[in-house]
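Per-entry structural report
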There are 2 protein chains.
Amino acid sequence: MAVTHLHGPVVVIGTGLLGTSIGLGLEHRGVPVFLEDPSPTNQAVAVDIGAGRPVAELDADPGAQPEVVVVAAPPDVTADVVARSLQRWPRAVVVDIASVKGAILADLRGRGLDLSRYVGTHPMAGREKSGPVAARGELFTSMPWVVCSGAEAAPDAVRAAKALGADLGAMVVEFGPEEHDEAVALVSHLPQVMSSLLASRLQGTDLRLLALAGNGLRDTTRIAASDPGLWVQILGANAPKIVEHLYGVREDIERLIRTLEAPAAPGARLDLAQLMTEGNAGQARIPGKHGGPPQAFAWLTVLVDDRPGQIAKLLTEIGEIGVNLEDLRLDHSSGRNVGMVEISVLPSKHDALVTELEERGWRVLQ
Amino acid sequence: MAVTHLHGPVVVIGTGLLGTSIGLGLEHRGVPVFLEDPSPTNQAVAVDIGAGRPVAELDADPGAQPEVVVVAAPPDVTADVVARSLQRWPRAVVVDIASVKGAILADLRGRGLDLSRYVGTHPMAGREKSGPVAARGELFTSMPWVVCSGAEAAPDAVRAAKALGADLGAMVVEFGPEEHDEAVALVSHLPQVMSSLLASRLQGTDLRLLALAGNGLRDTTRIAASDPGLWVQILGANAPKIVEHLYGVREDIERLIRTLEAPAAPGARLDLAQLMTEGNAGQARIPGKHGGPPQAFAWLTVLVDDRPGQIAKLLTEIGEIGVNLEDLRLDHSSGRNVGMVEISVLPSKHDALVTELEERGWRVLQ
């Protein structure tokens, strides 16, 4: 089926990171964009960096009507802004991009509006940065853009919502709103909560203890650096789905506490083994590279001096050797000026690569 | 103070990943090593790959005495093997390398032995792989090797234990046994448990939901792939220290559950904000690159085709531009044949680098 493209104009309400990036991306593709933000500064910055023109210019043109209105406001006010936009532009498709869908749709349904022109969506892109200055038109390239239309949405509206994601280079996928909220509760919100719970344990400890921190701690607490302002809204809006998972986690923690209080008791070992193997099983279900089945690659760790160009040199030589790099991670946790480059390759290529790298003078640690 | 070096011979008991790597590393430095393992196959493999000679050859030489005996057995049997080794070689320093120190020392103290020649240590190296085949002499290079002598240990024994780590290229640090167990409970064992608890939630879910998984889920569940056999022993041996942290986590989860059951109630927002900001605060205490203070770098994400050599090309060009790569991560979660290379640099270099890369034709997503 041919992909529909937007011709515009598109109005973007809310020129934070996502809204401004949407504006930039569409403008780069020749789709005219008009911007509005409650903060005159945010709006001015977004206009300045080329994300679109002030919406006042659209208002000044009596015949002009937007094709699509993108509500890129914080989750708390999204339903309000969607409702106002449906009335303000009576022929536009109105989409929102908040990371929770059910609560917003429920709110809108409670207002007795005609929702045939509304489609909830969720572009899964963007770091913990915020604000228009960090915006980039390419932010959505190859990232999932979930389209979650309710039963009320007209087919043309859904097509326009999908075109928005497609025109921004995203991978458009369709989920029901409830299904979407369940998915993000599991793959995004619960991990955020667990990471923050873990990281909060590090407060008040002797820094000397943290000197032994390795990649395990760093990986599990990385997202604990997330922005509270946004996440308070997300967790609040998706609370029912998240708390369901937390009931299960609480049960598991209770059982684990009882086991660890008597680690030599009969059955204790089995309990611990069960926790570990269930973790193995769950982790193994996460999709692999490019969304395919999880694959087992072979890893090797190469020592590099912390001089400019060393990692590039290593990768170039691996390319010369003719082995494809499946994945790459750096480990700088050492206290010396060396870095460890962890490389994964197809298992069949592993041993020959290690031999070849050593012959070329690299130190392969493992 | 000059570093002591080992002259050997060194006996390694237990030729799994760590024991065999110790053998390899010492042999590479000209220190003679003798190996013993309850499994004739494991021992033969370790001998074959050059980690040392069978211990029978040492026994056959009436005058020969090892300088150091390294007990590289599983934590469950470590105290037994240490006790037997102290008696079998009455002049050797005996060290162990198990990841929990207090339980082993307490066990040995209960046997009424002379422990002046015993030093507990813990090399913090090695992946979830196991067995001698994966062993490498460089495994310990620049990794922490914690030396945890009890009050009974003679100064010469402690010196020998430190020399072992130093000769293997590790960074030797000294901790008391209790202090060590507290440290690893926090930076290693608790993260393992939290990761396994989270990953186990992924069992039995519709795989379609997991299609939206991004780096947040991957990072927080990476270590959930750890080997159950080893971890059951570790968690059991350090149970008292781990459970202390779990009491706190349970309390926090209880409070979070109550908040999420009534997310619109007064104070709910504040509770969620507090969880997030405490997570921020804890995460910020983790040491930065090379053990220094945590630093804020600026990130950018560059799109690369999934063709061989592209990442090498990108890094080479960044080197040509003259900017130092502070950190690097790949994101392959996209469903297309593209990869996203996340690069961090000094904040002052960020904007110029983005401009330069775009001029050279790279697509910078954010």
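Residues numbered from 1 in each chain as written. Chains lettered and ligands numbered in written order. Predicted model: local features only at pLDDT ≥ 70, side-chain atom pairs only at ≥ 80, totals over all residues. Heavy atoms only, no water.

1. Considering the overall build of chain A
A count of helices and strands for chain A gives 14 helices and 12 strands. Along the first, second and third principal axes, the C-alpha set of chain A runs to 70 × 55 × 45 Å. Evaluated residue by residue, chain A yields a buried proportion of 57% over its 366 residues. The contacts in chain A between residues at least 6 apart in sequence include a share of 70% that link residues at least 24 apart. (Helix = DSSP H or I, 4+ residues; strand = E, 2+ residues; numbered from the N terminus. Buried < 20%, exposed > 50% of the residue type's maximum accessible area, 1.4 Å probe, protein only. Contact = heavy atoms within 4.5 Å.)

2. Re the pairing of strand E11 (residues 338-345) of chain B
Each regular strand shows side chains that alternate between the opposite faces of the sheet. Residues and elements named next belong to chain B. Counting buried positions along E11 gives eight out of eight residues, so the element sits mostly inside the fold. Burial along E11 is two-sided: the face carrying Val338, Met340, Glu342 and Ser344 and the face carrying Gly339, Val341, Ile343 and Val345 are both buried. Sheet topology note: the strand E9 (residues 298-305)/E11 ladder contains eight bridges and is antiparallel. Across the sheet, Leu300 pairs through a bridge with Ile343, a residue of E11. As defined by bridge partners, strand E10 (residues 327-331) adjoins E11 across five bridges and the pair is classed as antiparallel. By the bridge assignment for E11, Leu328 is matched with Ile343. (Pairing = 2+ DSSP bridges.)

3. Notes on the confidence of the model for chain A
Mean pLDDT for chain A: 92, with 96% of residues reaching 70 or above. Confidence estimates for the predicted assembly give a pTM of 0.90 and an ipTM of 0.90. (pLDDT = per-residue confidence, 0-100.)

4. Quick look at the pattern of salt bridges
Evaluated as defined, the whole model comprises 50 salt bridges over all chains. Here A:Lys101 makes a salt bridge to A:Asp96, at a shortest N to O gap of 2.7 Å. We classify A:Asp96 as buried; its relative accessible area is 0%. B:Glu36 is the partner of B:Arg88 in a salt bridge, and the nearest nitrogen-oxygen pair spans 3.1 Å. Linking B:Arg88 in helix H4 (residues 75-88) with B:Glu36 in strand E2 (residues 33-36), this pair joins segments that are 52 residues apart in sequence. In this structure, a network of salt bridges that share partners links the residues A:Asp219, A:Arg222, A:Arg329, A:Glu342, B:Asp219, B:Arg222, B:Arg329 and B:Glu342. (Salt bridge = Lys/Arg side-chain N within 4 Å of Asp/Glu carboxyl O.)

5. Regarding helix H6 (residues 155-167) of chain A
All names here are of chain A. Taking 1.5 Å as the rise per residue, H6 with 13 residues should run 18 Å; its terminal C-alpha atoms sit 18 Å apart, in good agreement. Where H6 is concerned, the buried positions are Ala157, Val158, Ala160, Ala161, Ala163, Leu164, Gly165 and Asp167. The inward-facing, buried residues of H6 contact helix H1 (17-28), strand E4 (68-71), strand E5 (93-96), strand E6 (118-123), strand E7 (144-148) and strand E8 (171-174). Following H6 by one or two positions, Gly169 adopts a phi angle in the positive range, close to 80 degrees. (Expected span 1.5 Å × (residues − 1).)

6. Some points on the sheet that holds strand E3 (residues 53-54) of chain A
Sheet strands pair by backbone hydrogen bonding; their relative direction is either parallel or antiparallel. Residues and elements named next belong to chain A. Pairing in this open sheet of eight strands is mixed, and the strands run E3-E2-E1-E4-E5-E6-E7-E8 from one edge to the other. Edge positions in the sheet fall to E3 and E8, since each has one partner strand and no second. Bridging between E4 and E5 involves four bridges; their strand directions are parallel. Note on E5: the bridge partner recorded for Val68 is Val93.

7. Some points on the packing of aromatic side chains
If you walk through the whole model with that rule in mind, you get two aromatic pairs over all chains. On the basis of an interplanar angle of 50 degrees and a centroid distance of 5.1 Å, the ring pair of A:Phe140 and A:Trp145 is categorised as tilted. (Phe/Tyr/Trp six-rings, centres within 6.5 Å; stacked < 30°, edge-to-face > 60°.)

8. As for the interface of chain B and chain A
Counting residues at the interface gives 132 residues for chain B, matched by 132 residues for chain A. For the pair chain B and chain A, the two sides together bury roughly 12,500 Å², of which 64% comes from carbon and sulfur. Our count for the chain B to chain A interface comes out at 14 salt bridges. Taking the shortest distance from any N to any O, the salt bridge between A:Glu179 and B:Arg208 comes out at 3.0 Å. Of the residues forming the side of chain B that touches chain A, the biggest block, 17 residues, is contributed by helix H7 (residues 177-200) of chain B. Tallied by class, residues from the side of chain B that touches chain A come to 67 nonpolar, 35 polar and 30 charged. (Buried area = accessible area lost by both parts, 1.4 Å probe. Nonpolar A, V, L, I, M, F, W, Y, C, P; charged D, E, K, R; others polar.)

9. Details of unusual backbone geometry
Trans peptide bonds make up the majority, and among non-glycine residues the majority have a negative phi. Residue and element names in this part refer to chain A. The linkage connecting Gly8 with the following residue, Pro9, adopts the cis geometry, with an omega of 0 degrees. Phi at Ser142 is positive, roughly 65 degrees, even though this residue is not glycine. When you line up the elements, Ser142 lands in the loop between E6 and E7.

10. Looking at the side chain of A:Thr259
Residue and element names in this part refer to chain A. Counting through the fold element by element, Thr259 comes out in helix H11 (residues 239-261). Given a relative accessible area of 6%, Thr259 falls into the buried group. Excluding residues that lie within four positions of it along the chain, Thr259 makes contacts with Ala268, Asp271 and Leu272.

11. A few points about the relation of the copies chain B and chain A
Each copy superposes on the other: chain B lies on chain A with an RMSD of 0.1 Å after a rotation of 180 degrees and an axial shift of 0.0 Å. The transformation just described matches what one would write down for a two-fold rotation axis. Ranked by how close their C-alpha atoms come to the rotation axis, the residues of chain B are headed by B:Thr220, at 2.1 Å. (Least-squares fit on C-alpha atoms with pLDDT ≥ 70 in both.)

12. Comments concerning the environment of B:Pro90
Residue and element names in this part refer to chain B. Tracing the chain through its elements places Pro90 in the loop between H4 and strand E5 (93-96). Since its relative accessible area comes to 49%, Pro90 is described here as partly exposed. Here the alpha-carbon distance between Pro90 and Leu272, two residues 182 residues apart in the chain, equals 60 Å. Apart from residues lying up to four places away in sequence, Pro90 is in contact with Gln65 and Arg117.

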